[in-house]
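Analysis of the macromolecular model
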Amino acid sequence: MAVKINTAFLDGYVREDELKTIAPQVALAHDALHSGTGAGNDFLGWLNLPRDYYKAEFARIKTAAAKIRSNSELVIVLGIGGSYLGARAVIEALNGTLYNSTAKKRGNPELYFAGSSLSPSYMNEVLSLIDGRDYSVIVVSKSGTTTETALAFRVFKKLVEDKYGDAAKERIFAITDKARGTLKALADKQGYETFVIADDVGGRYSVLTAVGLLPIAVCGIDIDALMKGAAQAMTDFAQPDLESNACNKYAALRSLLLRKGFAVEMLISYENSFMMMNEWFKQLYGESEGKDGKGLFPASAIFSTDLHSLGQFVQDGSNIIFETVVWFKNTDCDFFLENDADNADGLNFLSGQNMSVVNEKAFLGTLLAHTPKGGDGGKTPNIILEVDKLAEFELGYLLYFFEKACAISGYMLGVNPFDQPGVESYKKNMFALLGKPGFEVQKAELEAKLGG
């Protein structure tokens, strides 16, 4: 398996007999998922996607990406939530957080995201980047009416039309519903190339569809290898038992730790480029599990950076956290530490060492500090997910691992892991306060509650 679970640092928190006791519950959740009898079973398109994806559209994605790379200095991707997080997570994980500064050298366009907030400052920052440059726009929206994305598209659509005239349709790509909705109708009218957001794949599970794959391919990432990794994970996680299925075992461990009062899961990586993967993880698990007064609170950190801000709390604070560490055992690049004649910083004991070794010792030292094993008073259970390296195949495997474990975990909690009823509340209040027609009564009520 491309992802292996190390449970050595759960001693004293989870016993082997507890895993055996919970195994039938995991098997029931696994069966509900694969038989399509669980809640939200009309959103299971992601489950077999790595094998059953639409090959013709996959080929069109690669063709469109090549076209964009050939004629655009930069690309603006418009989307919010699952419509952008997965793509950004994969791009930064594989191409680095400083991707845009190296894109030209790689022969790729720069890529920026908008339509994920209502901040005027951020909108103006993005607009300042396109002045005098050739660019394309990818808009991702099932309906075309999601406020944040629709507002951004209104702005960029006009700018593309003003700059390119009749050729604007060659620079706007819409990822939307296959047959209906505002964006689909507009795309058909204007002649934009479109890609499908499947009815049976929810936004936070959509990274391996056109939603994620088109922006990812634009950045020169091998989407064939990404999908092959996910397909291997799909095969590896087909059986319900905990011994051979690392995905189900992870779901079981999370459930047991929650039952013991560890209500916060902190996803940890020692790679800066994993930061947006952490954000994708938080949406996937927070939106899937956080309902009906249930669920683990998903948090994240990048170590060793955040050890200097959150480390104290993890070490000595409220005993509510467990850590899930994604550890990449090998790196494709390294940095050799040379000797310094003056040794003013006292670090010559590291001379002749690779920086990856120092990073690994920080990881091991943190494990000993945070868990009882080190004898330093640590009380934070740690699940370690060992991955060979951070590359396309392994990342595709890891994406599917987290998606399926999330679905299993949701069923074990007794919630529907594929809906998000609470997300609609802020939208209704915002529309009313902005004076959207049909919300007049609600507007008056809300303004009264806000004190006029």
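Above this text you will find the structure in question.
In every chain, residue numbers begin from 1 and rise along the written sequence. Per-residue local features are limited, in this predicted model, to residues with pLDDT of at least 70; the limit for side-chain atom pairs, both in listing and counting, is 80 or more; totals at the level of whole chains, interfaces and linings are taken over all residues. Water and hydrogen atoms play no part in the side-chain values, which are based on all heavy atoms of the structure.

Helix and strand assignments come from DSSP, with helices taken as H or I runs of at least 4 residues and strands as E runs of at least 2, each series counted from the N terminus. For the protein, the helix and strand inventory stands at 17 helices and 12 strands. Radius of gyration: over C-alpha atoms. The globule rule applied is 2.2 Å multiplied by the number of residues raised to the 0.38 power. Relative to the globule expectation of 22 Å for 452 residues, the C-alpha radius of gyration of the protein, 23 Å, shows essentially globular dimensions. Principal-axis analysis of the C-alpha atoms places the extent of the protein at approximately 65 × 60 × 55 Å. Long-range contacts, defined here as pairs at least 24 residues apart, represent 77% of the contacts in the protein between residues at least 6 apart. Residue burial considers only the protein chains on display, and all accessible areas are found by Shrake-Rupley using a 1.4 Å probe. As presented, the protein carries roughly 20,300 Å² of accessible surface, and 53% of it is formed by carbon and sulfur atoms. The averaged location of the 56 negative side-chain charges in the protein is 6 Å from the averaged location of its 45 positive side-chain charges. Residue contacts follow a heavy-atom distance rule, with two residues in contact if any of their heavy atoms lie within 4.5 Å. By the counting scheme adopted, Arg and Lys are positive, Glu and Asp are negative, and His together with the chain ends is not counted. The atom standing in for a charge is NZ when the residue is Lys, CZ when it is Arg, CG when it is Asp and CD when it is Glu.

With that settled, consider the sheet that holds strand S3 (residues 110–114). Paired strands are those between which DSSP finds at least two bridges. With parallel pairing, the 5 strands of this open sheet are ordered in space as S3-S2-S4-S5-S6. Each edge of the open sheet carries a strand with a single partner, namely S3 and strand S6 (193–196). Looking at each pair of strands side by side, their axes are set apart by 20° on average, direction ignored. In this structure, strand S4 (residues 135–140) lies alongside strand S5 (residues 172–176), joined through 4 bridges in parallel fashion. Bridge pairing in S5 links Val140 to Ile175. Simply put, an axis is a line fit to the C-alpha atoms, just over the touching stretch for a helix, and the angle between two N-to-C directions goes from 0 to 180 degrees. Sitting on the sheet, helix H3 (residues 55–71) is in contact with strand S2 (74–78), S4, S5 and S6, with an inclination near 140° to S6.

With that settled, the discussion passes to helix H7 (residues 147–164). How far a helix is expected to stretch is found by multiplying one less than its residue total by 1.5 Å. Spanning 18 residues, H7 covers 26 Å between terminal C-alpha atoms, matching the ideal 26 Å at 1.5 Å per step. Residue exposure (1.4 Å probe, protein chains only): buried if accessible area is under 20% of the type maximum, exposed if over 50%, otherwise partly exposed. Of the residues making up H7, those classed as buried are Thr147, Glu148, Thr149, Ala152, Phe153, Phe156, Lys157, Val160 and Tyr164.

Just to be clear on terms, a salt bridge is a Lys or Arg side-chain nitrogen sitting within 4 Å of an Asp or Glu carboxyl oxygen. Applying the stated rule across the entire model yields 24 salt bridges. Taking the shortest distance from any N to any O, the salt bridge between Lys157 and Glu161 comes out at 2.9 Å. With Lys157 and Glu161 both in helix H7 and 4 residues apart, this pair spans about one turn of that helix. Given a relative accessible area of 27%, Glu161 falls into the partly exposed group. Here Arg254 ties to Glu265 by a salt bridge, and the two come within 2.8 Å at their closest N and O atoms. Taken together, the residues Arg254 in helix H11 (residues 246–259) and Glu265 in strand S7 (residues 264–269) connect sequence positions 11 residues apart. For the pair Arg254 and Glu265, a shared accessibility class is recorded, and that class is buried.

Running from N to C, helix H10 (residues 223–236) and helix H15 (residues 392–413) point in directions that differ by 45°, and their axes come no closer than 6 Å. Our classification of the angle between H10 and H15 gives oblique. For the pair H10 and H15, the crossing hand works out as right-handed. Contact with H10, carried on its side by Ala225, Leu226, Lys228, Gly229, Ala230, Gln232, Ala233, Met234 and Asp236, involves Glu392, Phe393, Leu395, Gly396, Tyr397 and Tyr400 of H15 and no other residues of that element. Roughly parallel means an angle under 35 degrees; roughly antiparallel, over 145; roughly perpendicular, 65 to 115; everything else is oblique. For any pair of crossing helices, the crossing counts as left-handed if the nearer helix is rotated counterclockwise from the farther one by less than a right angle, and right-handed if it is rotated clockwise.

Now for the nonpolar core. Nonpolar cores are built from buried Ala, Val, Leu, Ile, Met, Phe, Trp, Tyr and Cys residues. Side-chain atoms within 4.5 Å join them into one set. By size, the foremost hydrophobic cluster in this structure holds 102 residues, and its most contacted members are Trp46, Ile138, Leu214, Leu398, Phe401 and Phe402. At 13 residues, H15 tops the list of elements feeding residues into this core. Sequence-distant contacts of Leu214, that is, excluding residues within four places in its chain, are made with Ile61, Ala64, Ala65, Ile138, Phe173, Ile175 and Phe195. Val126, Phe153, Tyr164 and Ala187 belong to the second largest nonpolar core, which has 21 residues in total.

Below, the discussion takes up the packing of aromatic side chains. Planes of paired rings set the category: under 30 degrees apart is stacked, over 60 is edge-to-face and the rest tilted, where pairs are Phe, Tyr or Trp rings (Trp by its six-membered ring) whose centres lie within 6.5 Å. Under the criterion given, the structure shown has 25 aromatic pairs. Measuring from centroid to centroid gives 5.5 Å for Tyr270 and Phe363, while their planes differ by 70°, and the two rings are edge-to-face. You can see Tyr270 sitting in the loop between S7 and helix H12 (275–289) and its partner Phe363 sitting in helix H14 (residues 355–370), a full 93 residues away along the chain. Since its relative accessible area comes to 6%, Phe363 is described here as buried. Ring pairs connect the aromatic residues Phe237, Tyr250, Trp280, Phe281, Tyr285, Tyr397, Phe401 and Phe402, which therefore count as one cluster. Here Lys55 stacks its cationic end above the ring of Tyr53, 4.2 Å away from the centre of that ring. Geometrically, a lysine NZ or arginine CZ counts as sitting over a ring once it is within 6 Å of the ring centre and also within 35 degrees of the ring normal.

Glancing now at the environment of Gly286. Residue placement: Gly286 occurs in helix H12. On the basis of relative accessibility, which here comes to 25%, the residue Gly286 falls in the partly exposed class. For the pair Gly286 and Ser304, spaced 18 residues apart in the sequence, the C-alpha separation amounts to 24 Å.

Take the side chain of Arg133 next. Its location among the elements puts Arg133 in the loop between helix H6 (120–129) and S4. For the purposes of these results, a polar contact is taken to be a pair of N or O atoms within 3.5 Å, where, inside protein, one atom must be able to donate a hydrogen and its partner to accept one; residues adjacent in sequence count only when each atom of the pair is a side-chain atom. Within the structure, the side chain of Arg133 is placed 3.4 Å from the backbone oxygen of Leu129, a separation counted as a polar contact. In this structure Arg133 touches Glu73, Leu74, Glu110, Lys163 and Tyr164, once residues within four positions along its chain are discounted.

Time to look at the pairing of S3. Across the 5 residues of S3, 5 count as buried, placing the element largely inside the fold. The side-chain alternation of S3 yields two buried faces, one formed by Glu110, Tyr112 and Ala114 and the other by Leu111 and Phe113. Where S2 meets S3, 5 bridges bridge the pair, whose relative direction is parallel. If you follow Val77 over to S3, its bridge partner there is Phe113.

Read from one edge to the other, the open sheet built from 5 strands follows the order S1-S12-S9-S7-S8, with strand pairing classed as mixed. Among the strands making up the open sheet, the edge pair consists of strand S1 (3–6) and strand S8 (297–302). On average, adjacent strands in this sheet sit at an angle of 25° to one another, irrespective of strand direction. With 6 bridges joining them, S7 and S8 adopt parallel strand pairing. When the sheet's bridge partners are listed, Met266 is paired in S8 with Ala299. Across the face of the sheet, H14 comes into contact with strand S9 (321–328) and strand S12 (382–387) while running at roughly 160° to S9.

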